[in-house]
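Here is what each chain is made of, one letter per residue.
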Amino acid sequence: MVTDMNLIVAVDNNWAIGCKGSLLVSIPNDHKAFRRETAGRVVVFGRKTLATFPQGMPLADRTNIILSGDPDYRVKGAVVVHSKEELLEELKKYPEDEIYVIGGESIYRMLLPYCQTAHVTKIDHAYEADAYFPNLDESEEWEITADSEEQTYFDIAYSFVKYERKKA
């Protein structure tokens, strides 16, 4: 059973992650941290998240695993699975600590119970949004184990926060 995965997400003050199929804001340093954290690793995401990538292509230098309910869905350069069961079976092929769940909302919610570490970019702003991540600050199961200094991009303040699931 896969239970030691990571996830990586950027959230606003309301734990929102997206609006109308795109990210809330683009912060170059956040993208750089994402690339550094996931390069050479396995990234797991849904079909709609793929559509937000440059040219709608899988991410370079990573093993891309896409979950889609469409049995005919295919993506060159990626592994496509069609159910949670098929996904969990596929993930057994990789070291758990090298697997990163990267969205969107339904994928995060489905796989959060299998994650041990959450890398969260917290953006100090409330955006208009229609997609959300579960609020880890309100969860008894998660604790903050690392927090960066506040950084800014133009007038946007943000920080990198690491959450880990509390040991039972």
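Structure report, in brief.

Thresholds, definitions, all that
- Residues numbered from 1 in each chain as written.
- Predicted model: local features only at pLDDT ≥ 70, side-chain atom pairs only at ≥ 80, totals over all residues.
- Heavy atoms only, no water.
- Helix = DSSP H or I, 4+ residues; strand = E, 2+ residues; numbered from the N terminus.
- Buried < 20%, exposed > 50% of the residue type's maximum accessible area, 1.4 Å probe, protein only.
- 1 Å grid on protein atoms, 1.4 Å probe; cavity = no way out; pocket = protein on both sides within 12 Å on 5 of 7 lines; lining within 4 Å.
- Points joined across faces, edges and corners; volume = space filled by probe spheres on them.
- Nonpolar A, V, L, I, M, F, W, Y, C, P; charged D, E, K, R; others polar.

### Some points on unusual backbone geometry
Of all residues except glycine, most have a negative phi; of all peptide bonds, most are trans.
Link 1 in the chain: Residue Gly104 is reached from Gly103 by a cis peptide bond, and omega for that bond is 0 degrees.
Link 2 in the chain: Mapping Gly104 onto the fold places it in the loop between strand S7 (99-101) and helix H4 (105-111).
Link 3 in the chain: Positive phi, close to 50 degrees, is recorded for Lys20, a residue that is not glycine.
Link 4 in the chain: With respect to the secondary-structure elements, Lys20 resides in the loop between strand S2 (16-19) and strand S3 (22-23).
Link 5 in the chain: At Gln55, a residue that is not glycine, the phi angle is positive and equals roughly 55 degrees.
Link 6 in the chain: Within the secondary structure, Gln55 is located in the loop between helix H2 (47-50) and strand S5 (63-67).
Link 7 in the chain: Taking relative accessible area as the criterion, Gln55 reaches 72% and is therefore assigned exposed.

### As for the layout of surface pockets
Link 1 in the chain: By volume, the largest pocket is sized at about 1,100 Å³.
Link 2 in the chain: Leu23, Thr49, Thr52, Phe53 and Ile102 are, among the 40 residues lining the largest pocket, the residues nearest its centre.
Link 3 in the chain: When residues of the lining of the largest pocket are traced back to their parent elements, those giving at least two are strand S1 (5-11), S2, S3, helix H1 (28-38), H2 and H4.
Link 4 in the chain: Estimated volume of the second largest pocket: approximately 210 Å³.
Link 5 in the chain: For the second largest pocket, the full set of lining residues is Ile8, Asp30, Ala33, Phe34, Arg36, Glu37, His119, Val120, Thr121, Phe160, Val161 and Lys162.
Link 6 in the chain: Of all the secondary structure elements, the ones that give two or more residues to the lining of the second largest pocket are H1, strand S8 (115-123) and strand S12 (156-165).
Link 7 in the chain: Taken together, the residues of the lining of the second largest pocket break down into 6 nonpolar, 2 polar and 4 charged.

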